[in-house]
Amino acid sequence: MAHYRSVGAIPPKRHTQHRDADGALYYEELMGEEGFSSDSSLLYHRGVPSALVDSRVWELADQTRTPNHPLKARHLKLHSLETGTCPVEGRRLVLGNNDVRISYVVTGGQSSPLYRNAIGDECVYVEAGTGTVESVFGVVTYRAGDYVVIPRATTHRWVPESESRLYAIEANSHIHPPKRYLSRFGQFLEHAPYCERDLHGPSSPYVVEGENVDVLVKHRTSAGIVGTRMTYATHPFDVVGWDGCLYPYTFNIDDFMPITGKIHQPPPVHRVFEGWNFVICNFLPRKVDYHELSIPVPYYHSNVDSDEVMFYVGGDYEARKGSGINLGSISLHPGGYAHGPQPSAIEASLGADYFDESAVMVDTFAPLELGEGGLAVEDPAYAWTWAGRGPDDGDDPAVFSNS
């Protein structure tokens, strides 16, 4: 994040002595990005943050990816996917490439183990449920519609208060607001569809006592993505204060102010976050085009440079009737392929002044492959719904799709 926060007890000057009431020195940790040249925070620990007493292999869930070959559009029914109930270990990989991975989990009521992703930032969309995320920075609460953005290497755990449907976007990079929304010093500009008031970070320290505490760490080797179970001499949640511009926060999708226009607006106006080689957009209930000859539904478009993933999370998708798309669906429309509305939806949309729909979109600039979770819930008929017939369907009545 680009704006500064200060939480708990910190010394007047950084990198100077900071002691408790008994005179014991706190241990200062700099958590920073891009080799001391980007956002950072200073955390003050009771214990030594590097005091490791054991390190063992943590076997990750299946990370296998299958290329989208032969090339075709895909429909994945996430609400049919059976997952584990742990918010971290229960995730199943749906889609991924070497820049970003998308997974899904439906939690139970139990907390996750302590966990950190040492590969990149995580942006977890909360489709349903409530709870908290505890971290070395403190606690943030989450609710349906929240994006929970967790910086790389932040030790944290998920504590659901109710069954939570979590759509996890795991980057190999950092995730941040689009640069075009920010001043050169990092402040949100007036044209941005959200601002600092909408971002909710920890407000107080969260200190926990403990010894020989396990933390699950996801990281990379030359063999790919792996996991390690590290055991620390003292509990990582021993931070009495911190300050800086790097910390976890939540942003609720309802606080995004849609940008509309006289004619149909392209997807970049719906962008909410971006990372290396991918962007995240959200489509929300909004007034639509007001030109007297406007066509509110999207024009047909070819994703020349990107794969497009839409996760449908709310609203009315009557315009996609016949495609199989519904709440909980993912559509994957790959680069090298044109897609758009059913012909009847174009005429039906004329004169509409409002769309009631909510979706989270991820666009990637490298091809996406299917994870084992995605393959498990694919609707094999989707690719042929624009034509109304597939390789073995003969002359069945036409069924179309609209996205």
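In the block above lies the structure referred to throughout.
Residues numbered from 1 in each chain as written. Predicted model: local features only at pLDDT ≥ 70, side-chain atom pairs only at ≥ 80, totals over all residues. Heavy atoms only, no water.

Counting its secondary structure elements, the chain contains two helices and 29 strands. For the chain, whose C-alpha radius of gyration is 23 Å, the value lies close to the compact-globule estimate of 22 Å for 403 residues. Restricting to contacts in the chain with at least 6 residues of sequence separation, those with at least 24 account for 74%. As displayed, the chain offers around 18,100 Å² of accessible surface, 51% of which is attributable to carbon and sulfur atoms. (Helix = DSSP H or I, 4+ residues; strand = E, 2+ residues; numbered from the N terminus. Rg over C-alpha atoms; globule rule 2.2 N^0.38 Å. Contact = heavy atoms within 4.5 Å. Areas by Shrake-Rupley, 256 points an atom, 1.4 Å probe, with all protein chains shown as cover.)

Right, let's talk about the layout of surface pockets for a bit. Looking at the second largest pocket, its volume works out to about 580 Å³. In terms of lining residues, the second largest pocket is bounded by 24 residues, among which E33, S38, D39, H176 and K179 are the most central. Of the residues in the lining of the second largest pocket, the class split is 11 nonpolar, seven polar and six charged. (1 Å grid on protein atoms, 1.4 Å probe; cavity = no way out; pocket = protein on both sides within 12 Å on 5 of 7 lines; lining within 4 Å. Points joined across faces, edges and corners; volume = space filled by probe spheres on them. Nonpolar A, V, L, I, M, F, W, Y, C, P; charged D, E, K, R; others polar.)

This part takes up the pattern of salt bridges. Throughout the structure, instances matching the rule amount to 13 salt bridges. R91 serves as the salt-bridge partner of E122, at 3.2 Å between the closest nitrogen and oxygen. Here E122 is found in strand β10 (residues 122-128), whereas its partner R91 is found in the loop between β6 (74-77) and β7 (92-96), with 31 residues between them in sequence. In this pair, the class of E122 matches that of R91, namely buried. (Salt bridge = Lys/Arg side-chain N within 4 Å of Asp/Glu carboxyl O. Buried < 20%, exposed > 50% of the residue type's maximum accessible area, 1.4 Å probe, protein only.)

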